[in-house]
Amino acid sequence: MSTEFCQIADLDDVKDELVGIRRHIHQHPELSYEEVDTAALVAARLEGWGYTVTRNIGGNGLVATLRAGSSTRSIGVRADMDALPINEMTGLSYASERQGKMHACGHDGHTAMLLGAALQLSRTRRFNGIVNLIFQPAEEAGFNSGAEQMIKDGLFERFPCDAIFGMHNHPGVETGIFMFRVGPFMAACDTVKIKILGKGSHAARPHQSIDPLVTASSLVMALQTVVSRNIDPMEAAVVTVGSLHAGHAANVIPEHATMELSVRSFKQEVRELLEQRIRALVQSHVEGYGARAEVEYIRGYPVLVNSEAETEFAKQIAVELVGEDKIIPSFAPIAGSEDFAYFLQQRPGCFLRVGNGAGKPMLHNSLYDFNDDNVTVGAAYWTRLVERFLQA
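Residues numbered from 1 in each chain as written. Predicted model: local features only at pLDDT ≥ 70, side-chain atom pairs only at ≥ 80, totals over all residues. Heavy atoms only, no water.

### What about the sheet that holds strand β8 (residues 188-197)?
Moving on, step 1. Taken in spatial order, the four strands of this open sheet run β10-β12-β8-β13, and their pairing is antiparallel. With partners counted over all chains shown, the strands left at the sheet margins are β10 (237-246) and β13 (292-299), one partner each. The average angle at which neighbouring strand axes cross in this sheet is 15°, direction not considered.
Moving on, step 2. In terms of strand pairing, β10 meets strand β12 (residues 256-265) through nine bridges, oriented antiparallel. Its bridge partner lying in β12, A246 is registered against A257.
Moving on, step 3. Across the face of the sheet, helix α8 (residues 268-287) comes into contact with β8, β10, β12 and β13 while running at roughly 165° to β13. (Pairing = 2+ DSSP bridges. Helix = DSSP H or I, 4+ residues; strand = E, 2+ residues; numbered from the N terminus. Axes fitted to C-alpha atoms, helices over the stretch in contact; angles between N-to-C directions. Contact = heavy atoms within 4.5 Å.)

Okay, here's the thing in structure tokens:
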């Protein structure tokens, strides 16, 4: 079997080309909903390799379709294309040319890996069925994301997929190590926006105020009890206050304060309980200080749940490609979130991780860079997975 399907070395002759594409995308990042140039570059390459490309799905998304043989069996493989609003500080020769925009999550690499697979599949065509390569916009949006919009635009009705697969790089683990987990793998993520309405006053007359800053500061500490005193300690959940703003001058007690929370969970019932307790706690706590609270609770991405059969299949492909010693078969759940979860609500599949290098800067960091050694590793993995799923 090892000689029948794609090997990493099969892509050695195009590695420089693929790395060049990756670095070009890195140098010209586009934020969520803005991926016009990236989508155009991807589409042009795919059409040149013989794919049928459908553009503008769910915004700047596109699907490239390739058929071989007579089977109607089909597979979807997804890469995300958007960058983040971060100022790059890597000093690389191919660093971002666009101030305040950076590929700090490796979507440039994800796109290059899937393009590499597209090229290899087009020149070997060792499969029997239909390949749908999904290049998705706006993964970083948080809500109303690219995955949601592509589904609403009829993705799976227009491009049927018996299963769907996706991959993300993972700093902190050696390059080329593949990580898998059956079931809940990445967290649901909700955002809570709180406005505390008090009564302003001169700083010298605090007794004439209802101080929203003191109220907010106390609420930050009270919110730390939501998980520790409401959630079963055997379950995982996170409530983080990431933003707190109030006032502009040392001698003025402001009229209001604003806070934003990130709330993460791995089970729907835990997610529901977190919302109930946060809403109740905010109102009762703020009222205790004589203030009022306005709460906006925004549901973000759901829990990402990998189906068992497809995950075991994806794991076997990695074993064939790189060996048993380079896979982690049951990686720990990740508190980060990922809108690939929406695809997995529609079709069975697997979202996996690949190591980006031990000791490398983490994701969403101004010093981060995708590891180019993964470009052909990921491309070979996707190629082999398609060949085996659609085995001729």
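### Some thoughts on the sheet that holds strand β15 (residues 327-328)
Moving on, step 1. Within the open sheet, the eight strands sit side by side as β1-β2-β4-β3-β5-β16-β6-β15. Their pairing is mixed. Here the strands that pair on one side only, and so sit at the sheet edges, are β1 (52-57) and β15.
Moving on, step 2. Relative to strand β4 (residues 129-136), strand β3 (residues 74-80) runs parallel, the two sharing seven bridges. Residue pairing across strands places S74 opposite I130, the latter belonging to β4.
Moving on, step 3. Sheet strands touched by helix α9 (residues 308-322): β5 (164-170), β6 (178-179), β15 and β16 (349-355). Its angle to β16, the strand with the most contacts, is close to 35°.

### Observations regarding the environment of A293
Moving on, step 1. Note on placement: A293 falls in strand β13.
Moving on, step 2. Relative accessible area serves as the criterion here: at 14%, A293 is assigned to the buried category.
Moving on, step 3. It is 10 Å that separates the C-alpha atoms of A293 and A216, two residues lying 77 residues apart in sequence.
Moving on, step 4. Those residues in contact with A293 that sit more than four places away from it in its chain are K195, V282, Q283 and V286. (Buried < 20%, exposed > 50% of the residue type's maximum accessible area, 1.4 Å probe, protein only.)

### Looking at the packing of α9 against helix α11 (residues 373-389)
Moving on, step 1. With their axes 10 Å apart at the nearest point, α9 and α11 run at an angle of 120° to one another. The angle between α9 and α11 places the two elements in the oblique class. Seen along the crossing, α9 lies across α11 with a hand that is right-handed. On the side of α9, the interface is formed by F313, A314, K315, Q316, I317, A318, E320 and L321, while α11 contributes V377, A380, Y381, R384, L385, R388 and F389.
Moving on, step 2. Class assignment of the residues belonging to the contact of α9 with α11 gives a composition of 10 nonpolar, one polar and four charged. (Parallel < 35°, antiparallel > 145°, perpendicular 65-115°, else oblique. Left-handed = near helix turned anticlockwise from the far one by under 90°. Nonpolar A, V, L, I, M, F, W, Y, C, P; charged D, E, K, R; others polar.)

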